Amino acid sequence: MQKGFKRNFEPLKILTDSQVEQIHAASLNVLEEVGFKFESEKALKVLEEHGCTVDYQTMIAKIPASLTEWAISKTPSSFYLKARDPEKSLRFGGNTLYFFNSAGARYVDIDTGTVTMPTLEQNNLGVIVSDALDSVNAFPSYTPYFEIEGVPPVMSCPVSCAQRHRFSSKPSRGAQPTYSYIWETMIAQACDAQIMGCVEGAAPLSLAEDPCNAAFHYLEAGFPIYIASGSIMGGSHPITIAGASVSHNAELLAIIVFLQCIRPGSGVIANNFVTAMNMATGDLNFGTSATSLHQMAFNQIWHSYYKIPINNTGSAFSNAKIIDYQLGAEKLPLAMSSALSGANLIVLHGGVTAELAYNPILAIIDDDIANTIGRIVEGFNVNDETIGLDVIKQVGASGTFLSSRQTRNFWKTEDYMPKMFDKTGYKEWVENGRKTVIDKAKQKYEEIISTHKPLPLDDGQDKEIDKILKEAEKFYKKKGLI
Amino acid sequence: MSERALENLRSIVLDFDIDNAEKVAKEAVSQNVDPLEAAKALTDAIREIGDGFEKGDYFLPDLVCAAEVLKKAIPVITEEIQKQGKKSGSLGKVVIGTVFGDIHSIGKGMVSTLLYAAGFEVIDLGINVKSDAFLDAIKEHRPDILAMSALLTTTAMEQKNVIEGLKKEKLRDKVKVIVGGSPINQEFADSIGADGYGATAPDGVKVAKSLLGIE
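This one's a predicted model, so the numbers in the text were calculated from it and none came from an experiment.

**Student:** Provide a residue-level description of the sheet that holds strand β20 (residues 357–358) of chain A, including the pertinent values.
**Tutor:** In spatial order, the strands read β9-β8-β20-β19 (chain A); together these four strands make up an open sheet with mixed pairing. Looking at which strands have only one partner, the edges of the open sheet turn out to be β9 (115–116) and β19 (351–352) of chain A.

Structure follows, in structure tokens:
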């Protein structure tokens, strides 16, 4: 099993206990009085059987507070996700921190910022690079690219899932649109693995038919579920962080109720991806203070109060179009505040140009950032050996600690030494060709793609995936979607 | 009296006064203000907001709230125009909506508001609009332009389905089609047989004007 990083201190809290209670109570009130729209009769029937008041005309279920509280209590504080390579499996929850690969619709040229449709080979290379990076623990759906040249849009999720299983032994999240969950479940099962199912709401307060169907399907397969309700403050959520916290909380709690009514005790990880709107353009403002504060409040409520594993997506993207100072300045504070406030999973590696683009070279640089953040949350030990009072006394006012046994024993673990960031002196930097972090990451990229060999699938598994994709294609053709 | 009523109509838009919009419009009608002048006062004011939005002087909440004011005030004025047997002029008629499977409304709403502010008559079908609903609206309203939005890669192809539907119904040469949304670009718009593509909401208005030969 991948161990990830262990947070060795209490998560940062930005709300008082009474503020947490206030947000929770308001969320319950929204679900009781306004309700939540489930665009599926099957889903509404399940909820009605569990005590919700259902209006089949509007498809709104009003959820009693007691049912929401029951569903929270049924959701485990941790769950296991089985990868096709047992050493790459994960256990989400508690104080463990993992990192999720980011994604982008298309491939971005690292030097020019030009965005183009990725080929299948570029997609596969992106997966191979992330398979090689220790700090990438898992892949979301349609990663690294949403679109692949020559692949019909409706096949992009199943093909992306197939390639992630072929070129990485790390676990994946499934997708929900247009029956993709059927094929993604089959692909994972063909590899003797689990995927995290995906049930993503549509703010405000609704869940479309596809994710409702995906929930039944993924839970029947016994998979844990990733839930989300991506939203924009000022658009589909209130502009205030407190108001958006209530709306978002209510949406995710409604999905928790739905899932626990279908299969009590199912593992769930709840995602936060709520951004503020750019009021000049209507686009998403990535990497801003509002997103960070919303995530930190969410983390406190879900980690400390509900005790349900949490994912943060705020650091997945940046509005920067190239790998520059803005990119780092938008992604890093978000990732850091997520880690400090209790996130179990942070989306980070490789996303640029809002959600429009991805490049594996950025993923290599993000590997250093993830390792630095991970090292920070692990904290440090305070004991006789680490304090080393005897060494301090021995060195006194004139010696050096460099020659001490304590330095030799601890220098590698007390700090994380970035692999891509330049730590040379000025003279050495000039003599070595003034290499930037991007130059070094490009070199590393070449090294990875020429040397890294992902754990292969066996022939039978590979053929089975081919068969599943052919079946999917036939299915979509019959439906007139290809 | 008439000038003050016209100024009040202008003010409710520029002050984003949604609460008093209907009342002020009714007052203008009761004071026998020419309804065509009343409509012009409202559309001139929202055009000012639209222009300011493009320059960065106004922001989305301003644009949307101004549109809300018009939604309340315009029906009152339109009713009076019809009662008096007069005709209001517009740059053209647009049917707009977000395609089936897609529930994203913000971008579509911006284009809808800016088109209205620019002087178009806009029939907004909302979100998650099925191909048949687009076709029915085109038969019913006979617009000059059909504008479709899609925010998801997976729903972008629905724009093509609607265009194919237009061809089947022999309506394709009766309406100009413009498309937009995050996964859309000029190349995609060309590939599905659209007449125009706008990368931003203000672009959408420029494309609409250009397709109708409006300066």
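**Student:** Outline the packing of aromatic side chains, listing residues and values.
**Tutor:** All names here are of chain A. Under the criterion given, the structure shown has 24 aromatic pairs over all chains. Relative to tyrosine 145, the ring of tyrosine 107 has its centre 6.4 Å away and its plane inclined at 55°; by these criteria the two rings are tilted. One end of the pair, tyrosine 107, is in strand β8 (residues 106–108); the other, tyrosine 145, is in the loop between α4 (120–132) and α5 (156–167), with 38 residues separating them in the sequence. Considering the side-chain rings of tyrosine 179 and tyrosine 181, the 6.4 Å spacing of their centres and the 50° angle between planes classify their relative orientation as tilted. When the ring centre of phenylalanine 216 is taken as reference, the NZ or CZ atom of lysine 42 above it lies at 4.2 Å.

**Student:** Describe the confidence of the model for chain B, naming the residues involved and giving the relevant values.
**Tutor:** Considering every residue of chain B, the mean pLDDT works out to 89; 98% of them sit at 70 or more. When mean pLDDT is taken per element in chain B, helix α2 (residues 18–30) of chain B scores highest with 96 and helix α5 (residues 106–118) of chain B scores lowest with 83.

**Student:** Talk me through the pattern of salt bridges; I want residue IDs and the actual numbers.
**Tutor:** Residue and element names in this part refer to chain B. In the structure shown here, the tally under the stated rule is 25 salt bridges over all chains. Between arginine 47 and aspartate 44 there is a salt bridge, with the nearest N and O atoms lying 3.6 Å from each other. Linking arginine 47 with aspartate 44, this pair stays in helix α3 (residues 35–55), spanning three residues, or about one helical turn. Relative accessible area serves as the criterion here: at 29%, aspartate 44 is assigned to the partly exposed category. A salt bridge links lysine 174 to aspartate 173; its shortest N-O distance comes to 4.0 Å. Classification of aspartate 173 as exposed rests on a relative accessible area of 67%.

**Student:** I'd like to hear about the domain arrangement of chain B, residue by residue, with values.
**Tutor:** Residues and elements named next belong to chain B. Segmenting chain B into domains produces domain 1 (2–83) and domain 2 (93–211). A straight line from the C-alpha centre of domain 1 to that of domain 2 covers 26 Å. Of the roughly 850 Å² buried where domain 1 meets domain 2, counting both sides, 76% is carbon and sulfur surface. Counting every contact that joins domain 1 to domain 2 gives zero salt bridges. For the side of domain 1 that touches domain 2, the elements supplying multiple residues, two or more each, are α3 and α4 (60–83). Element by element, the count of residues in the side of domain 1 that touches domain 2 is highest for α3, at six residues. Considering only residue class, the side of domain 1 that touches domain 2 consists of seven nonpolar, two polar and two charged.

Cut-offs and rules
Per chain, the residues get numbers from 1 upward, laid out in the order the sequence is written. Following the order in which they are written, the chains are lettered starting with A and the ligands numbered starting with 1. Totals for whole chains, interfaces and linings use all residues, but because this is a predicted model, local features are given only for residues with pLDDT of at least 70 and pairs of side-chain atoms are given and counted only at 80 or more. Based on all heavy atoms of the structure, the side-chain values leave hydrogens and waters out of the count. Strand pairing follows a simple DSSP-based rule, namely that at least 2 bridges must link the two strands. Think of it this way: any DSSP run of H or I at least four residues long counts as a helix, any run of E at least two long counts as a strand, and we number them from the N terminus. Working definition: rings of Phe, Tyr and Trp (its six-membered ring) pair if their centres are within 6.5 Å, and the pair is stacked with planes under 30 degrees apart, edge-to-face with planes over 60 apart, and tilted otherwise. A positively charged side chain is recorded as over a ring if its NZ (Lys) or CZ (Arg) lies within 6 Å of the ring centre. The angle to the ring normal must also be within 35 degrees. The pLDDT value expresses, per residue, how confident the predictor is, ranging between 0 and 100. Salt bridge, as used here, is a side-chain nitrogen of Lys or Arg placed within 4 Å of a carboxyl oxygen of Asp or Glu. With a 1.4 Å probe rolled over the protein chains alone, any residue whose accessible area is under 20% of its type maximum counts as buried; one over 50% counts as exposed, and the rest are partly exposed. For the domain bounds, the source is a domain assignment made automatically or taken from a database. Defined here as a combined quantity, buried area equals the accessible surface (1.4 Å probe) lost by two parts on assembly, summed across both. Amino acid classes used here: Ala, Val, Leu, Ile, Met, Phe, Trp, Tyr, Cys and Pro are nonpolar; Asp, Glu, Lys and Arg are charged; the rest, including Gly, are polar.

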